[in-house]
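Read off the chains here:
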Amino acid sequence: MYRISELAEIVGLSRSTLLYYEKIGLITSKRQANGYRQFTELDVQKLRLLLQLQSGGLTLKECQDCMEAKIDREQLTQRLNALDAEIMQKEKSRALLAALLGMDSMRAWHQTLESQAPEAHLNWLMKQGFSEKQALRLKWLSKDMNAHEEYMAEFERIFEGLERLGPGSDADTQRALTMMPSLSGELLEVGCGKGVATAVIQKHSQFAITALDNDEYCLCCLKENFVSHRESGNVKTVCASMTDMPFSQHQFDVIWSEGSAYIMGVQQAIEQWKYFLKPHGLMVLSDLVWLTDAPDAKVRTYWQHHYPDMSSVAQRIQMMEQSGFKLVENYQLSPEAWKNYLQPLKTKIDQLDENTFSSNALSDIRAEIEFHNKYLGQYGYQIFILERK
Ligand SMILES: C[S@@+](CC[C@H](N)C(=O)[O-])C[C@H]1O[C@@H](n2cnc3c(N)ncnc32)[C@H](O)[C@@H]1O
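Residues numbered from 1 in each chain as written. Predicted model: local features only at pLDDT ≥ 70, side-chain atom pairs only at ≥ 80, totals over all residues. Heavy atoms only, no water.

**Digging into the site of the ligand**
Around the ligand, a shell composed of 19 residues is seen, among which Gly-191, Asp-213, Asn-214, Met-242 and Glu-258 lie nearest. Contacts to the ligand include Asp-213, whose side-chain N or O atom sits 2.6 Å from an oxygen atom. At a separation of 3.3 Å, a nitrogen atom of the ligand approaches a polar backbone atom of Asn-214. In isolation the ligand offers 590 Å² of accessible surface; the protein chains occlude 92% of this area. (Near = heavy atom within 4 Å. Polar contact = N/O pair within 3.5 Å; in protein donor to acceptor, adjacent residues only side chain to side chain. Areas by Shrake-Rupley, 256 points an atom, 1.4 Å probe, with all protein chains shown as cover.)

In structure tokens form, the structure reads like this:
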């Protein structure tokens, strides 16, 4: 026989807990003549059984049910499933904390955040100390704040010596030029890269060209190209961000952007850039679009991760019209344009020694090339020529 204080000591529970268990009928005492409660060995064992059941994550009520009747398998299965879900959630939380502390990759986390909250993602990256240029590159290229610098260094090494940073061809650029009502005035090219389109525009028009990019190295390549091969008199370069351009209202007759507007979001780009365009000025931009309503599941998933904002041509045109533009013309970039981008890139990566790469840069680019080779046609690049209303 045990007094309540002895029972409490044996099972490691407080006196008040034991009194509560007695109240709900889990244990029963006999009163002595002096009024003290007395418990038996069976109560000790019942309490040990209860503690064992509680360690399986059962509530007190569930433990009591289990002790008083046959085990309810369904109830236990439900509890087991709930526990599994909790463990999975906890593992995710652990992985995120480890990643935030730099112990693991953050790719999946960045990708999810990018598709669910792109603006908050960018702002958060900048709060972590990344410049806007780095944050945008992290969002689109490295996708991992823990490995960003080495990824970008290797990415630049891959593209070193390559002229095109995206699909395009002289003929596709020239085709857009033929739709200009006039081939003179002021033209701004946004995200000009190394100047492949700039050179075509310069050669086939009399526009005074301002070529803007936020990458000094690209602008140096562009300048070198013009100095060595052409007159550079009507091409001026500006190193600035497309999100904050140092120009005045209505400054340009034409704004041109091949493969770059997606970086800040196509809708945001045309709405912001409109300010710099003269009334009835033209905007030429290209964007990756869906060419089918029913892409393969693999293709849909790939672009959900890499370009969540990808739209159909009709959706893009509707958005452009709602943003104050009239569609003049649109057409798909030619197969030649893709070849111009993919072939030199493939030749270059085939020459590189895989073992010297430590980040995901090379494997990402290799995977991208294979993906285009397989699935291009379900999506493609579309050039839109728009007139400011
Ligand atoms: C895919 S490349 C296209 C380059 C070029 N139009 C072509 O077709 O080869 C995107 C370009 O945008 C530039 N860029 C990225 N973020 C930018 C930003 N915030 N402001 C200005 N340029 C940016 C990159 O440096 C790069 O040159």
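**Topic: the pairing of strand S4 (residues 208-213)**
A large share of S4 lies buried, amounting to five of its six residues. Sheet analysis places strand S3 (residues 186-190) next to S4, joined by five bridges and oriented parallel. Along S4, the bridge assignment pairs Glu-189 with Ala-211. With five bridges connecting them, S4 and strand S5 (residues 235-239) associate as parallel partners. From the neighbouring strand, Ile-209 faces S5, where its bridge partner is Val-235. (Buried < 20%, exposed > 50% of the residue type's maximum accessible area, 1.4 Å probe, protein only. Helix = DSSP H or I, 4+ residues; strand = E, 2+ residues; numbered from the N terminus. Pairing = 2+ DSSP bridges.)

**Digging into the domain arrangement of the protein**
By the assigned domains, the protein splits into domain 1 (4-71) and domain 2 (170-388). When each unit is reduced to the centre of its C-alpha atoms, the spacing between domain 1 and domain 2 is 74 Å. (Domains from an automatic or database assignment.)

**Remarks on the pattern of salt bridges**
Under the defined criterion, the tally for this structure stands at 15 salt bridges. For Lys-326, the salt bridge is made with Glu-387, and the minimal N-O distance between the two is 3.9 Å. One end of the pair, Lys-326, is in strand S9 (residues 325-332); the other, Glu-387, is in strand S10 (residues 379-388), with 61 residues separating them in the sequence. (Salt bridge = Lys/Arg side-chain N within 4 Å of Asp/Glu carboxyl O.)

**Quick notes on the state of the cysteines**
With the rule as written, the count across this model stands at zero disulfides. Cysteine Cys-221 shares no disulfide, and the gap to the nearest cysteine sulfur, in Cys-218, comes to 6.2 Å. (Disulfide = S-S within 2.5 Å.)

**Some details on the side chain of His-110**
By the element assignment, His-110 lies in helix H6 (residues 107-116). What makes His-110 buried here is its relative accessible area of 2%. Separated by 2.9 Å, the side chains of His-110 and His-121 make a polar contact. Among the polar contacts made by the side chain of His-110, one reaches the main-chain amide nitrogen of Met-145 at a distance of 3.2 Å.

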